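Residue-level listing of the chains:
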Amino acid sequence: MILEVVHPGGARTWHPLGERPLTVGRGFSNDLMLDDPYVEARHARIGLDENGGPVIEDLGSVNGLVGKDTRLPGRVPLHPGTEVRVGRTLLRFHDVEEAVPPALVDATASSATTAAKESQKRLARWRRARAVRRVVRFGRTTPARLLTAAAAASAIALYSWLGSAQRSSGSEALFAALGFAMIVSVWAGIWAVASRVTVHRFHFVGHVGVAALVTLAGLLWSVAIEWAVFFFPDAGLSDVLSIGIGLVLLAALVAGHLSLASGLSRQRQWRAGFAVAGTALLIGGLATLVEEESFSDVPTFSGIVKPVAGEWLPTETVDEFGGVMAKLKEQVDEMAKP
């Protein structure tokens, strides 16, 4: 990450962070010296915790570490966008890949027209990237996470209602939504307790949002795969794609929870997620191998029905169906001969 230092006078400096610990204070022996009378001689240390995640740690200073006018605990995990104040100096942490505003046009370096066009293109790209970052930041807020949970519960209720053939299934849809809310609350509560132990914050709503977002993505994939199987019942790729998407969703679920419950870097969060997903796949594969397969002469086929006009479907005429059945009868008669 990149450390941006906003000094009391408004001046700013930037410092790249590595794996080596970085001491912050007013004394000349520090790696980062601050000219701030409210900062101790050795105020804080920026380094890695036991899990390899970046943290800032107070070294017993009088004024401590402050975030949003609230005194923070002695050790604070660091993420892109984290802001910590030491004394009257603000420490702001950035991702190394974070987009910056485009450079100003230098008319002496190239023609004014070409430079202006290039500048406009860079400015447009930067504005799009900034809009994406705003959406991402909004997605991390409590209202956005609650909206995601409400959308997931509503989608499950709608899916349950549309998937039922009964005359009135409103109660089943309501029970499905309530069951989802209960399961997600328990799941998020477990992760919230883990967050309290590791980073000293519950992040309950955040964990609810992560679980709801992954559930919503899985539900959308289920609907998509149903339509694919309906139109292409003999494709044979639905199972493989479902396993792959399931692994990615499980890895995303674990990585999302770890982003709130640990100080691991984003890369390590996804590594842990795929490790859990791979373990789940291995256990499922072993369970399938040991399961006894029973022979049945009853053919199995997809029973998914969708409200689609018949002319949209790949169908065969009665004569073509009769020809296929005649060939099949000949093959069966040939096999039955002694």
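See the structure above.
Report follows, based on the coordinates. (Residues numbered from 1 in each chain as written. Predicted model: local features only at pLDDT ≥ 70, side-chain atom pairs only at ≥ 80, totals over all residues. Heavy atoms only, no water.)

### Quick word on the packing of aromatic side chains
Here comes step 1: Here the structure, examined in full by the defined rule, presents two aromatic pairs.
Here comes step 2: Relative to F274, the ring of W270 lies with its centre 5.9 Å away and its plane at 35°, an arrangement referred to as tilted. Of this pair, W270 and F274 both sit in helix α6 (residues 266-290), four residues apart, roughly one helical turn.
Here comes step 3: When its relative accessible area of 42% is taken as the criterion, F274 is described as partly exposed.
Here comes step 4: The residue whose ring lies beneath R88 is Y38, and the NZ or CZ to ring-centre distance is 4.1 Å. (Phe/Tyr/Trp six-rings, centres within 6.5 Å; stacked < 30°, edge-to-face > 60°. Helix = DSSP H or I, 4+ residues; strand = E, 2+ residues; numbered from the N terminus. Buried < 20%, exposed > 50% of the residue type's maximum accessible area, 1.4 Å probe, protein only. Lys NZ or Arg CZ within 6 Å of the ring centre and 35° of its normal.)

### Remarks on the sheet that holds strand β9 (residues 75-77)
Here comes step 1: Sheet architecture is open: five strands sit in the order β4-β3-β5-β6-β9, paired in mixed fashion. Lying at the two open borders of the sheet, with one neighbouring strand each, are β4 (32-33) and β9. (Pairing = 2+ DSSP bridges.)

### Focus on the pairing of strand β11 (residues 89-94)
Here comes step 1: Of all six residues that make up β11, five are buried, and the element is covered over most of its length.
Here comes step 2: The pairing of strand β1 (residues 2-6) with β11 spans five bridges and is antiparallel. Paired with V5 across the bridge in β11 is L91.
Here comes step 3: In this structure, strand β10 (residues 83-86) lies alongside β11, joined through four bridges in antiparallel fashion. Directly across from V84, in β11, lies its bridge partner L91.
Here comes step 4: The hairpin turn running from β10 into β11, its antiparallel successor, is two residues long, and G87 in that turn takes a positive phi close to 65°.

### Considering the environment of V308
Here comes step 1: Turning to its location among the elements, V308 is positioned in the loop between α6 and α7 (318-336).
Here comes step 2: Taking relative accessible area as the criterion, V308 reaches 17% and is therefore assigned buried.
Here comes step 3: Taking the C-alpha atoms as reference, V308 lies 9.9 Å from F231; in sequence the two are 77 residues apart.

### Description of the pairing of strand β5 (residues 44-48)
Each regular strand shows side chains that alternate between the opposite faces of the sheet.
Here comes step 1: As paired strands, strand β3 (residues 22-25) and β5 are joined by three bridges and run antiparallel to one another. In the sheet register, T23 faces β5, and the bridge partner there is R45.
Here comes step 2: The loop that links β5 with its antiparallel partner strand β6 (residues 54-58) comprises five residues; one of these, G52, has a positive phi angle of about 85°.

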